[in-house]
Amino acid sequence: MTDSVMSKAATMEIPINSNGGTRALAEDDSLEQAAKLQWSLDEKVGSSRGTRDLQQVMVSGPNLNETSIVSGGYGGTAEGIISTGSIKGPNMHHSTSSSSMTAEEATRGVAVEKYEAMKKWGLNTYKCTKQMISERFGRGSRTVDLELEAQIEVLRDTKRKYESVLRLAKALTNHFYNMVQTQHALGDTFADLSQKSPELRDEFGYNAETQKLLCKNGETLLGAINFFVSSINTLVNKTMEDTLMTIRMYENARLEFDAYRSDLEELSMGPRDAVTMARIEGAQEQYQVHKEKYECLRSDVTIKLKFLEENKVKVMHKQLLLFHNAISAYFAGNQQQLEQTLKQFNIKLRPPGADKPSWLEEQ
């Protein structure tokens, strides 16, 4: 290859200068040709070496860990070169793994909690259902407090009777309200006829005044009856109902207590191996827990029944006296006594236009 290049260089055309002489440029031309020949040789050698390097890179593949990132412009110093082999993310990977493990552990913890709660509820429901069926078929024993059971039965009977009184008092209020409205309309009609019938003016006038007076007294009596109804409703549907709710909780606690008591008795009659002893110990703990709950609720029921009886007597004494005095004064036609009764019990009548609640009260 070198011989062909040299022969080609020997046959190259020699340029002639403007004066037509070639002798002055002979030395320069020979130097230029030698330089071009050397450059061609270097280029050939370099390209063959580059081809071998490229083939080696393609076979072995690039090493990304040796890739460099150059900071700065073209021709910058080597201080801005950062080797990517030193940029690794073990901390980032560890943080992501930790967060995912924490979320997974939290989810697993919630699932275990729900499972344990469901398991406990299912076991408790099974024991209580078994105890209830045993009691109904007469095969199981139940804890009975005779005095407390009698008081509870009296309360339930009293509540039924007071509900009947409340229902009848509401019916009386509705009927009496309709009668008062009729009297009011009748009085207006009599007053109108008194103006349009000169020959019966006095008769229509007397009746109009009587109906207006009855209407006024009827509205006063309605105020007293409404107060009576409101007080009985509070006593029955709030005070008594609150006590009965505590009684229902007490009865549920009694059923659970008997269920775990029966379970403990059954385990105690069985064999006394290691597994059974562990189960007896667990049943004993559950028995103590439900026994304390039962006794606490029984105490609460006893206290509430006592306060309810005192409150009932106090409230009904006041309300029955109000009802009696108001009804007697109304039908006796004693308007002054009727108004005095309302003042005695601090009852304020609503104005005639306040029968319908405002839009703000309806919200």
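Identification of the protein chain as Arfaptin-2 from Xenotaenia resolanae is taken from an unreviewed UniProt entry.

*Asks:* How should the overall build of the protein chain be read in this particular structure?
*Replies:* Check the secondary structure of the protein chain and you find eight helices and two strands. Listing the helices and strands of the protein chain from first to last along the sequence gives α-α-β-β-α-α-α-α-α-α. Restricting to contacts in the protein chain with at least 6 residues of sequence separation, those with at least 24 account for 74%. When the accessible area of the protein chain is evaluated, it comes to approximately 26500 Å², of which 58% is carbon and sulfur surface.

*Asks:* For this particular structure, what's the right way to read the nonpolar core?
*Replies:* When a protein is soluble and globular, its nonpolar side chains tend to lie buried together. Residues I152, L155, I247, Y250, V301 and L305 are the most contacted members of the largest nonpolar core, which totals 43 residues. Among residues more than four places away in sequence, those in contact with L305 are L148, Q151, I152, L155, T243 and I247.

*Asks:* So what exactly am I meant to see when it comes to the UniProt feature "coiled-coil region" (unreviewed entry) in the protein chain here?
*Replies:* The UniProt feature table records "coiled-coil region" (unreviewed entry) at residues 280-311. Counting secondary structure, residues 280-311 comes out at 100% helix and 0% strand; the distance between its end C-alpha atoms is 46 Å.

*Asks:* Sorry, what's going on with unusual backbone geometry here?
*Replies:* It is generally the case that most residues other than glycine have a negative phi and that most peptide bonds are trans. Unlike most non-glycine residues, N346 shows phi in positive territory, near 55°. Take N346: it is sitting in the loop between α7 (335-344) and α8 (359-362). By relative accessible area, N346 is classed as exposed at 66%.

*Asks:* Teacher, can you tell me more about the pattern of salt bridges here?
*Replies:* Opposite charge on two side chains permits them to pair, given that their charged atoms come into close proximity. Across all of its chains, the model carries 14 salt bridges by this definition. Salt-bridge contacts for E266 lead to K130; the nearest nitrogen and oxygen are separated by 3.7 Å. Of this pair, E266 sits in helix α5 (residues 201-268) while K130 sits in helix α3 (residues 90-136), and the two are 136 residues apart along the sequence. A relative accessible area of 38% places K130 in the partly exposed class. The partner of K304 in a salt bridge is D242, with the nearest N and O atoms 3.0 Å apart. Residue K304 is found in helix α6 (residues 274-331), and its partner D242 is found in helix α5; the two are separated by 62 residues along the sequence.

*Asks:* Help me understand the layout of surface pockets, please; the structure alone is not making it clear to me.
*Replies:* Empty space left among the atoms is revealed by rolling a probe the size of a water molecule over them. By volume, the second largest pocket amounts to about 290 Å³. Along the walls of the second largest pocket sit 15 residues, with K130, Q131, S262, D263 and E266 positioned nearest its centre. Listed by contribution, the elements that provide at least two residues to the lining of the second largest pocket are α3 and α5. If one sorts the elements of the lining of the second largest pocket by residue count, α5 sits on top with six residues. For the lining of the second largest pocket, the residue count by class is three nonpolar, five polar and seven charged.

*Asks:* Please explain α5 as it appears in this structure.
*Replies:* Because each turn of an α-helix spans 3.6 residues, side chains separated by three or four positions end up pointing in the same direction. With 68 residues, α5 ought to run about 100 Å at 1.5 Å a step, and its terminal C-alpha atoms sit 97 Å apart, in line with that. Of all bends in α5, the biggest is about 35°, found at E241.

*Asks:* What is the right way to look at the environment of L168 in this model?
*Replies:* Examined against the element boundaries, L168 turns out to sit in helix α4 (residues 146-196). In the structure, L168 is positioned 61 residues away from V229 in sequence and 9.6 Å away in space, judged by C-alpha atoms.

*Asks:* Got a minute to help me understand the packing of α4 against α6 in this structure?
*Replies:* Geometry of a packed helix pair, given as the angle between the helix axes and the separation of the axes. Relative orientation of the contacting elements α4 and α6 amounts to 25°, with a least axis distance of 12 Å. Judged by the inter-axis angle, α4 sits roughly parallel to α6. Both α4 and α6 take part in a crossing whose hand is left-handed. Residues L148, Q151, I152, L155, T158, Y162, L172, F176, M179 and Q183 of α4 form the contact with α6, whose participating residues are R298, V301, T302, L305, L308, K312, M316, F323 and Y330.

*Asks:* Hey, could you run me through the environment of L255 in this one?
*Replies:* Note on placement: L255 falls in helix α5. In this structure, L255 is in contact with C128, Q131, M132 and E135, ignoring residues within four places of it in sequence.

*Asks:* Help me out: how do you make sense of the packing of α5 against α7 in this one?
*Replies:* At a minimum axis separation of 10 Å, α5 and α7 run at an interaxial angle of 25°. The orientation of α5 with respect to α7, classified from their angle, is roughly parallel. Handedness of the crossing formed by α5 with α7: left-handed. Two secondary-structure elements touch here, α5 through L213, K216, N217, T220, L221 and A224 and α7 through Q335, L338, E339 and L342. Grouping the constituent residues of the contact of α5 with α7 by class yields five nonpolar, three polar and two charged.

*Asks:* It is not clear to me how the packing of aromatic side chains should be interpreted in this structure. Could you clarify?
*Replies:* The geometry of an aromatic ring pair is captured by two quantities: the separation of the ring centres and the angle between the planes. The full count for this structure, using the stated rule, is seven aromatic pairs. Arranged with centres 5.2 Å apart and planes meeting at 75°, the rings of F176 and Y330 form a pair that is edge-to-face. Linking F176 in helix α4 with Y330 in helix α6, this pair joins segments that are 154 residues apart in sequence. Relative to Y294, the ring of Y250 lies with its centre 5.6 Å away and its plane at 20°, an arrangement referred to as stacked. With Y250 in helix α5 and Y294 in helix α6, the pair connects residues that are 44 residues apart, well separated along the chain. Owing to a relative accessible area of 3%, Y294 belongs among the buried residues under this scheme. Put simply, the rings of Y250, F257, Y287 and Y294 pair up and form one aromatic cluster.

Cut-offs applied
- Residues numbered from 1 in each chain as written.
- Predicted model: local features only at pLDDT ≥ 70, side-chain atom pairs only at ≥ 80, totals over all residues.
- Heavy atoms only, no water.
- Helix = DSSP H or I, 4+ residues; strand = E, 2+ residues; numbered from the N terminus.
- Contact = heavy atoms within 4.5 Å.
- Areas by Shrake-Rupley, 256 points an atom, 1.4 Å probe, with all protein chains shown as cover.
- Core = buried A, V, L, I, M, F, W, Y, C linked by side-chain atoms within 4.5 Å.
- Buried < 20%, exposed > 50% of the residue type's maximum accessible area, 1.4 Å probe, protein only.
- UniProt positions renumbered as here; feature names shortened; annotations may be inferred.
- Salt bridge = Lys/Arg side-chain N within 4 Å of Asp/Glu carboxyl O.
- 1 Å grid on protein atoms, 1.4 Å probe; cavity = no way out; pocket = protein on both sides within 12 Å on 5 of 7 lines; lining within 4 Å.
- Points joined across faces, edges and corners; volume = space filled by probe spheres on them.
- Nonpolar A, V, L, I, M, F, W, Y, C, P; charged D, E, K, R; others polar.
- Expected span 1.5 Å × (residues − 1).
- Bend = angle between axes of the 7 residues up to and from the residue.
- Axes fitted to C-alpha atoms, helices over the stretch in contact; angles between N-to-C directions.
- Parallel < 35°, antiparallel > 145°, perpendicular 65-115°, else oblique.
- Left-handed = near helix turned anticlockwise from the far one by under 90°.
- Phe/Tyr/Trp six-rings, centres within 6.5 Å; stacked < 30°, edge-to-face > 60°.

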